Amino acid sequence: MKLYYAPDTCSLSPHIVLREQGIEFELVKVDNRRKLTADGRDFLTINPKGYVAALELDDGKILTEGPAILQYLADLRPESGLAPRADSWERVRLQEWLNFITSEIHAGLAPLFNNMLPEEAKSIFREKLFRRFSFLQETLSTNAYLMGASFSVADAYLFTVLGWCKFFAIELNNWPALLAYWEKISARPAVRAALRAEENV
């Protein structure tokens, strides 16, 4: 199994999950600008969409889109508890969280990377994003993790995109429960190992 990744992108979340699961895999770095893998291949032949993450299975199949990859990985080792059973109501709740993170947090932060976007437009994105952070603050004031008492693939995803706040001088200490949650996840051994690997590969 190969995970195609780029540092400081959403591919960190499946990387974390692979390490949480103890699954053997190869980490393949992608130059997002040139669309080349570290070994010189055209990344567009792997994922024509042109962005990470992409997961290449042992039979050569390619899976893209973070929430799909996360659920696929969790189901490889259901005993890990990183996702509820596929036929359960709790699994629907997990999908609800993954969609919220994708559409509201990931997509809310992404425009801030665009240097061509006027500051007035960026302020609109920030205001909407901060409302979502307030919702998360309320949730995490009473829950240890998004799904309740235990860490799930949704937490790996939210942790990853919250990490982008540092690029925009967004201080999570304005939402203390959210900051405590991010710090708690950052201390997990699998998270620390994934971050170290991405710095050194």
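See the structure shown above.
Our subject in this report is the structure included herewith. (Residues numbered from 1 in each chain as written. Predicted model: local features only at pLDDT ≥ 70, side-chain atom pairs only at ≥ 80, totals over all residues. Heavy atoms only, no water.)

Overview of unusual backbone geometry
At the junction of Val52 and Ala53, the peptide bond is cis and its omega measures out at 10° in the coordinates. Its location among the elements puts Ala53 in the loop between strand E3 (36-37) and strand E4 (54-56). Here the phi dihedral of Asp8 falls at roughly 60°; this positive angle occurs in a residue that is not glycine. Note on placement: Asp8 falls in the loop between strand E1 (2-5) and helix H1 (12-21). A positive phi angle, close to 80°, is found at Glu65, a residue other than glycine. The topology assignment puts Glu65 in the loop between strand E5 (62-64) and helix H2 (66-76). Take Glu65: its relative accessible area is 31%, and that puts it in the partly exposed class. (Helix = DSSP H or I, 4+ residues; strand = E, 2+ residues; numbered from the N terminus. Buried < 20%, exposed > 50% of the residue type's maximum accessible area, 1.4 Å probe, protein only.)

Quick notes on the environment of Pro7
As for its position among the elements, Pro7 is in the loop between E1 and H1. The class for Pro7 is partly exposed, based on a relative accessible area of 34%. Along the primary structure Pro7 and Leu195 are separated by 188 residues, whereas in three dimensions their C-alpha atoms are 8.7 Å apart. If near-sequence neighbours (up to four positions away) are discounted, Pro7 is found in contact with Lys29 and Glu198. (Contact = heavy atoms within 4.5 Å.)

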